[in-house]
Amino acid sequence: MFICENLWFQNSLKMLEVRNISVNYAARTIVEDISFSLARGQIIVLLGANGAGKTTVLKSLNGSLPVAKGEITLDGDDVKSYSRREIARKIAVVAQENETKFPVSVLEFVLSGRFAHGAAFGWETENDRRIALDCLRLCDLREYETRLMNELSGGERQRVVLARALATEAQILLLDEPTANLDLAHQSLMFRLVRERCETCNTAAIVITHDLNLAAEFADRIILLGGGKIIAKGAPKEVLTEENLAKVFNVRVLLDENPFSKKIRVTTIY
Amino acid sequence: MNSDQKTIENKFSRSWRLGVLLVFALLIALMFAAALGSESLSFFELSDAETTILYDIRLPRVLLGACVGASLAVAGASLQSLLRNPLAEPYLLGVSNGAALGTMLAFVFFSQLEFARPVCAIAGAGLATIAVYQMAKSRAGMNVERLVLSGVIVTTFLSSLIVLLTSVLDAAKLRSFTFWLLGDLSQATKNGFYLTFVCAAFGTIILSSQARALNLMMIGERDAFDFGVETNKVRLVVFTTASALVGVSVAASGSVGYVGLIVPHLIRLSVGSDNRLVIPFSAISGAIFVVLADTVARIAIAPRELPVGAITALIGAPMFIYLLRKN
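Summarised in this report is the structure supplied together with it. Fair warning: this is a prediction, and the values are worked out from it, not measured in the lab. (Residues numbered from 1 in each chain as written. Chains lettered and ligands numbered in written order. Predicted model: local features only at pLDDT ≥ 70, side-chain atom pairs only at ≥ 80, totals over all residues. Heavy atoms only, no water.)

### With respect to the sheet that holds strand E4 (residues 69-74) of chain A
All names here are of chain A.
Right, on to step 1. Strand order across the open sheet formed by four strands is E2-E1-E4-E5, with antiparallel pairing between neighbours. Since the sheet does not close on itself, it has two edges, and those belong to strand E2 (28-39) and strand E5 (77-78), each with one partner.
Right, on to step 2. In this structure, strand E1 (residues 14-25) lies alongside E2, joined through eight bridges in antiparallel fashion. Within E2, the position partnered with Tyr25 by the bridge is Arg28.
Right, on to step 3. Running at roughly 60° to E2, helix H1 (residues 54-61) makes contact with E1, E2 and E4 of the sheet. (Pairing = 2+ DSSP bridges. Helix = DSSP H or I, 4+ residues; strand = E, 2+ residues; numbered from the N terminus. Contact = heavy atoms within 4.5 Å. Axes fitted to C-alpha atoms, helices over the stretch in contact; angles between N-to-C directions.)

### Structural notes on the packing of helix H12 (residues 259-271) of chain B against helix H13 (residues 275-299) of chain B
Residue and element names in this part refer to chain B.
Right, on to step 1. Packing of H12 against H13 brings their axes to within 9 Å, and their N-to-C directions diverge by 125°. What the angle tells us is that H12 and H13 run oblique. Crossing of H12 over H13 shows right-handed handedness. Here H12 contributes Val259, Val263, Pro264, Ile267, Arg268 and Val271 to the contact with H13, which in turn contributes Leu277, Val278, Phe281, Ser282, Ser285, Gly286, Phe289 and Val290.
Right, on to step 2. Partitioned by chemical class, the residues of the contact of H12 with H13 number 10 nonpolar, three polar and one charged. (Parallel < 35°, antiparallel > 145°, perpendicular 65-115°, else oblique. Left-handed = near helix turned anticlockwise from the far one by under 90°. Nonpolar A, V, L, I, M, F, W, Y, C, P; charged D, E, K, R; others polar.)

### With respect to the interface of chain B and chain A
Right, on to step 1. Taken residue by residue, the interface counts 32 residues in chain B and 44 residues in chain A.
Right, on to step 2. In total, chain B and chain A occlude about 3400 Å² of area from one another, counting both sides; carbon and sulfur atoms represent 60% of this.
Right, on to step 3. Its largest share of buried area at the contact with chain A, chain B owes to Arg212, Ile219 and Phe227 of chain B, together 24% of the area lost on that side.
Right, on to step 4. Taken together, the links from chain B to chain A amount to three salt bridges. (Buried area = accessible area lost by both parts, 1.4 Å probe. Salt bridge = Lys/Arg side-chain N within 4 Å of Asp/Glu carboxyl O.)

### Here's the deal with the packing of aromatic side chains
Both the distance between ring centres and the angle between the ring planes are used here to describe each pair of aromatic rings.
Residue and element names in this part refer to chain B.
Right, on to step 1. Under the criterion given, the structure shown has five aromatic pairs over all chains.
Right, on to step 2. An angle of 50° between the planes, with centres 6.0 Å apart, marks the rings of Tyr91 and Tyr258 as tilted. Here the residue Tyr91 occupies a position in helix H3 (residues 90-93), and Tyr258 occupies one in the loop between helix H11 (231-253) and H12, the gap between them amounting to 167 residues.
Right, on to step 3. The class of Tyr258 is buried, set by a relative accessible area of 13%.
Right, on to step 4. Here Tyr133 and Phe239 contribute two aromatic rings whose centre-to-centre distance is 5.3 Å and whose plane-to-plane angle is 70°, an arrangement assigned as edge-to-face. Taken together, the residues Tyr133 in helix H5 (residues 116-136) and Phe239 in helix H11 connect sequence positions 106 residues apart. Residue Tyr133 shares its accessibility class with Phe239, and that shared class is buried.
Right, on to step 5. Taken together, the aromatic side chains of Phe193, Tyr194 and Phe197 make up a single cluster linked through ring pairs. (Phe/Tyr/Trp six-rings, centres within 6.5 Å; stacked < 30°, edge-to-face > 60°. Buried < 20%, exposed > 50% of the residue type's maximum accessible area, 1.4 Å probe, protein only.)

If you want it as structure tokens, here you go:
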């Protein structure tokens, strides 16, 4: 179902390594001393309260925010040594805001994900179009090609943005609250698509979400951020503890097991 | 899959046909404009006086109008994409006024040097562009209203400097300057046309080469950066090229307003917002628009003339409001 012919030849198991990074923004330290690594096929979920620095970490990973201290290596080389096109071929982003005032069609939008593959000028190839249309189909947007982006609902636009990220065929997906505007069916579709891409193409993903149960269900590892620092990281069962969640979110929770998936289940006690 | 491909192919073949159609329309508009005027020309056998009128007066003016129109439309289309704002326009952002002030300063201080005028105009346009951009930029990004307001501030500030400068100039020069400030092609020279033509041609090619990157910038600057666009480089190229296009146009013909707003809008309505089509098509349509507007300016109250900028604003302003309300 996925097209991954371009994705197989990778040598390093650790695609992305983050060593002791700090990121400043407007003379303020937003995140401090963050270290983790992302392996092929792995899904890491970033959890944390609003303002904990999750988006900042994500933005620093592809070089769109400069790190003040520490080092990020992508496939063994410093991320700073790559050109924008090279990074865009390796890392795709699903960001929070994607609104345009121009009449851009859904297909054109998804094709823009192929920018880093083609010439800086010129037209997309037949292959680009095939990939874009496949990704639209995957995201349940079969009839949408000619619809305009500024006429879609927030949830539909969110799926188009995922389709564009998939169309890049990047080995690493960075998703910033990809399910924020989605209904229940499309939330699960979004996560299944990411999971499936990771399993079939050895893609890795880092996902920011506020949904603890989605995190428990889909994450291989969870990183819990609080006040710009890592509070806990590891498998969902290790991170999602009453103590950690009380510390970060200041709420009491009930933890048990989801009878279907046998994964941890979190219920907030109000 | 088959029907999918068909829709794409139809889109491009339709665009291709529109391109041919526009080129023909431009040729007809040029002939039409050259034939019409306060002095009517006989179509087949030209007398000596008529030859002079045609080749030395009317043709340079008509062709200059075409180049100015193309330059302004292309500059508008690319600035709109770069600034993510369909209302961005050289005239409304104050870029034209920057160029006008530069031209006037050159006229006052280096009046004997012909090339000083376009050079100073480009510098003025560039400085005005940077000023508007810096003012409109905020930590939260750049919204439509902020950009338009910054444009108003820069425009009015530069206007007051221009007024100050005209009050220093003597009365005879003043009259031609007020006319020129509104956008006026009557001072067209062959040299002016050559320079504007070269700039319009190269500018359109350079900006078309950035069209694919601009398609991503149009969605969002951070977004474009994430997907592989060297946003700083594209911004530099577009600002420089657009400033040069506006500068040279204004030095030759003053501030012809609204061309960069109306023309790209109409093109987007017919072919969508892909800059690889919008930029070249805007060039041809901008040329047609200004050539026709100048023809009207020449013959409406013949033998007296109107400034072409008055005609474009007369068409442009109401159309702007209409488009704004429709959106």
